[in-house]
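# Understanding the architecture of this molecule
Listed below are the residues making up each chain.
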Amino acid sequence: MEPILVYGFPAGSSMGLVAALEWLGKPYRLCRVDMLGEMREPSYARINARHETPVLITDTGAPLSETMAIAAWLEARDDERRISFAPRSAEADRMHQIMAYVNTGFTSAFGPLWAAMEMEELTPQTKEALRAFGRDAVIERHDRLEAMVGDGPFLVGERPSLADGVLVGVARWLDFHEVASTERWPKLAEIRRRIEAEPAVAYALALESGEDAGGSGACLGHVPLHEVIERYGK
């Protein structure tokens, strides 16, 4: 069977994995999930007990969660090295390093900002404290990533890789939460512009918004969430 990526909206980090699947070019299917509704239902725990996206239903029908685990699964099947690099190469090491940073400290810095927005029971004072803490953390993490990246067109080398996919789903949260101008970090701003100009990213964004979009042809369609849970849930 073709793998099925369960991706979330609105503004899910999993959008970048949809783009990565497009870059990979192998047949796959998708399952679009409302993170503010469907994902919180008890039945969703059958495919991810943490009630999070993304989840990949692998070609054996097994649910696989966590962005880095899914990225590793894709990398292992990237025979033509369209989204990764030769094992044990300096480029592969660099890609893994950047992906790990983006998926941990960079992404987690936004946590207080999401909490301030989503937790209605918080007092106005607590929300403002979370926003202030979150803004400082996001800026500091962007400073570190700006120092890490080189002068190439993408995060690693001359073409998009899994690292770019992991970044693009999260980097837009800077704008969503109105933390600071993208131009504060010129190298990252240029890289983001190149990634976001990719047809695969435009396709992933359109799908996330619920629009009909024409991709590479690798996507064989969407599968309803209830069907994914019934067929592949534990």
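In this report, we go over the structure that sits alongside the text. Everything numeric here is computed off the predicted structure, so don't read it as measured data.

### Section: the pairing of strand β1 (residues 4-9)
- Among the six residues in β1, six count as buried, and that is most of the element.
- Of the strand pairs in this sheet, β1 and strand β2 (residues 28-34) are connected by six bridges, and their pairing is parallel. If you follow F9 over to β2, its bridge partner there is D34.
- Each parallel crossover has a hand, and the one from β1 via helix α1 (residues 15-24) to β2 is right-handed.
- Summarising the sheet, β1 and strand β3 (residues 55-57) pair through three bridges and their orientation is antiparallel. Opposite I4, over in β3, you have I57 as the bridge partner.

### Observations regarding the pattern of salt bridges
- Tallied over the full model, the rule gives 14 salt bridges.
- The closest approach of N and O atoms between K26 and D79, which form a salt bridge, is 3.1 Å. Residue K26 is located in the loop between α1 and β2, and its partner D79 is located in the loop between α2 (67-76) and α3 (90-108); the two are separated by 53 residues in the primary sequence.
- Taking relative accessible area as the criterion, D79 reaches 61% and is therefore assigned exposed.
- R131 serves as the salt-bridge partner of E128, at 3.6 Å between the closest nitrogen and oxygen. Residue E128 and its partner R131 are both found in helix α5 (residues 124-148); the two are separated by three residues, about one turn of the helix.
- With a relative accessible area of 38%, E128 lands in the partly exposed category.
- One network of salt bridges, with partners in common, ties together E183, E190, R193 and R194.

Definitions and limits used
Residues numbered from 1 in each chain as written. Predicted model: local features only at pLDDT ≥ 70, side-chain atom pairs only at ≥ 80, totals over all residues. Heavy atoms only, no water. Buried < 20%, exposed > 50% of the residue type's maximum accessible area, 1.4 Å probe, protein only. Helix = DSSP H or I, 4+ residues; strand = E, 2+ residues; numbered from the N terminus. Pairing = 2+ DSSP bridges. Right-handed = clockwise from strand over helix to strand, strands pointing away. Salt bridge = Lys/Arg side-chain N within 4 Å of Asp/Glu carboxyl O.

Distances and angles like these do not, on their own, reveal function.
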